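Now for the letters of each chain:
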Amino acid sequence: MTDYGYILTLLYWLNVVVAIWIMLRVVLGNRNPVATFAWIFVLLFIPYVGLILYFFFGRETRRRKYIRERFRLQIEQKALYSYRNDEEHDASDEYSALMTYLERSADAYPMSGCCVEHIADTSDFFTRLLTEISLAKEHIHLQFYIFENDGLGRRIRDALIERIKNGVEVRLLYDSVGCWSVNNSFYDEIRRAGGYVEPFLKVYFPLLTNKVNYRNHRKSVIIDGSLAYLGGCNIADRYVKGINGGVWRDTMIAVRGSGVYAVQSLFLMDWFFASGSVVSGKRYFPTLPSCGDAVVQVASSNPIGLWRTIPGALVKLLLSAKSYVYLQTPYFMPNETVLKAMQNAALSGVDVRLMIPLRSDNSLVDNAAYSYLGMLLSAGVKVYLFHGGFLHAKTIVTDDNLSVVGSANLDFRSFEYNFEISAYVYSDTLACDIRNRFIEDMQWCRQLTLREFEARGLYTRLKQSVSRLFSPIM
């Protein structure tokens, strides 16, 4: 007869030994102390489940051979470095420190003579995208975290196939985790037509443990090397139709001029990373005339670099602001440095406004986000809860002359684990457009007051505080 007591005892001690071994690895890994304590908490108080969570999401794989930067020089020297723009820029005096930081931490070189257009309507974006795809002559490069097999996804896929049949090169990168539910046959139709499709960090179950925590969250499109789109939109019906009866509020930008070189270069580096294939040549970087007065720095961030560019640049932006900083993000779980910078900016008299969804698509994340708001409200930060649908826009605008639009959320995952793309645009026109849209969005918001926040019940406070403990590992 099987001695179940003996087996359970053996499993218990096995769990203890493995948990202790993992906690030693976590501590010796010299991670962010908050994340370290979060993992120790999970391993101690959620037996067995904690081991599974760590196995899937916690293992430090930055030094593994499949995440290397060996490709950087191979691609960059053939791409962006050849098209650097070293002339002086109008924005260089006021934002010289930020520009230098982005250049040194993320190889984000200032590109002048750009025209940048704000697109705050997702239907408008997808209409434009389908039109530009139909007009493409040379190549189309797309990169999305999610490319869903639904009505919108099939329309864009079919439009790509039509261009392939007319001699246009098509390359599509999608994130393996973000597109976990999409059957390979959906992408195979593009391949059969002659296009190229690659997953980023391919995940195979049960081998997904060593890659699932690192996700390519970038969203960008390059058409013929002369037009680039980037921002927060993925390709799925919900981005047009919304969720739970509300609109999906997102932001993209269209870039023309030399800034396109930077988006193209980043795509080609990711393409090499995913496929092992070097794609380079003048045809992907055509001569582009100056078309506007915007200066653009396209900064990439990833979990393998020495520097955490996104939070670092945000801190510099907050502490250099003179009049205002408006921020929109669907997920708000900042690190301590960013949180303090927001407080310090508000305490210095800067009008700091944060807009987040009243409800996102993740209640655990919502609870964690709300736990940070009291510290901001106490410092004078104005917090707006968007209730007109799902706010998915990721924008920052300051002082009517600098805007940040990209794929990064203001949370630990975007700061530490994701591959992200952000455009820092020095342009009065774009900044005023994004500022005005923020103010327009405020009509769909409820402003949260410190009194209301402090009046929360015990259960709500406890739920939010416990959720916050897990924010570094969400």
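These notes cover the structure that comes with them. Computed from a predicted model, the values in this text were never measured in an experiment. (Residues numbered from 1 in each chain as written. Predicted model: local features only at pLDDT ≥ 70, side-chain atom pairs only at ≥ 80, totals over all residues. Heavy atoms only, no water.)

1. Describing the pairing of strand E4 (residues 196-200)
Sheet faces and side chains relate simply in a regular strand, where the side chains alternate between the two faces. As paired strands, strand E3 (residues 169-175) and E4 are joined by five bridges and run parallel to one another. Of the residues in E4, the one forming a bridge with Leu172 is Val197. The handedness of the E3 to E4 crossover, carried by helix H8 (residues 184-193), is right-handed. (Pairing = 2+ DSSP bridges. Helix = DSSP H or I, 4+ residues; strand = E, 2+ residues; numbered from the N terminus. Right-handed = clockwise from strand over helix to strand, strands pointing away.)

2. Thoughts on the packing of aromatic side chains
All chains considered together, the criterion is met by 19 aromatic pairs. With a centroid separation of 5.6 Å and an interplanar angle of 50°, the aromatic rings of Tyr95 and Tyr426 are classed as tilted. In this pair, Tyr95 sits in the loop between helix H4 (71-76) and helix H5 (96-106) while Tyr426 sits in strand E18 (residues 420-426), placing the two residues 331 residues apart along the sequence. Note on accessibility: Tyr95 and Tyr426 belong to one class, buried. Geometrically, the ring pair formed by Tyr174 and Tyr187 is stacked, given 4.0 Å between the ring centres and 5° between the ring planes. Remark: Tyr187 occurs in helix H8 and Tyr174 occurs in strand E3; sequence separation between them is 13 residues. The buried category is assigned to Tyr174, whose relative accessible area is 4%. With relative accessibility at 0%, the residue Tyr187 sits in the buried group. Three or more aromatic residues link up through ring pairs in this structure, and these residues are Phe144, Phe147, Tyr174, Phe186 and Tyr187. Over the ring of Phe453 we find Arg456, and its NZ or CZ is 3.7 Å from the ring centre. (Phe/Tyr/Trp six-rings, centres within 6.5 Å; stacked < 30°, edge-to-face > 60°. Buried < 20%, exposed > 50% of the residue type's maximum accessible area, 1.4 Å probe, protein only. Lys NZ or Arg CZ within 6 Å of the ring centre and 35° of its normal.)

3. Brief notes about the packing of helix H11 (residues 309-320) against helix H12 (residues 336-347)
For the pair H11 and H12, interaxial distance at closest approach is 9 Å and the crossing angle is 10°. Comparing their axes, H12 and H11 come out roughly parallel. Across the interface between the two elements, Pro311, Leu314, Val315, Leu318 and Leu319 of H11 pack against Thr337, Val338, Ala341, Met342, Asn344 and Ala345 of H12. Here the contact of H11 with H12 is built from residues that sort into nine nonpolar, two polar and no charged. (Axes fitted to C-alpha atoms, helices over the stretch in contact; angles between N-to-C directions. Parallel < 35°, antiparallel > 145°, perpendicular 65-115°, else oblique. Contact = heavy atoms within 4.5 Å. Nonpolar A, V, L, I, M, F, W, Y, C, P; charged D, E, K, R; others polar.)

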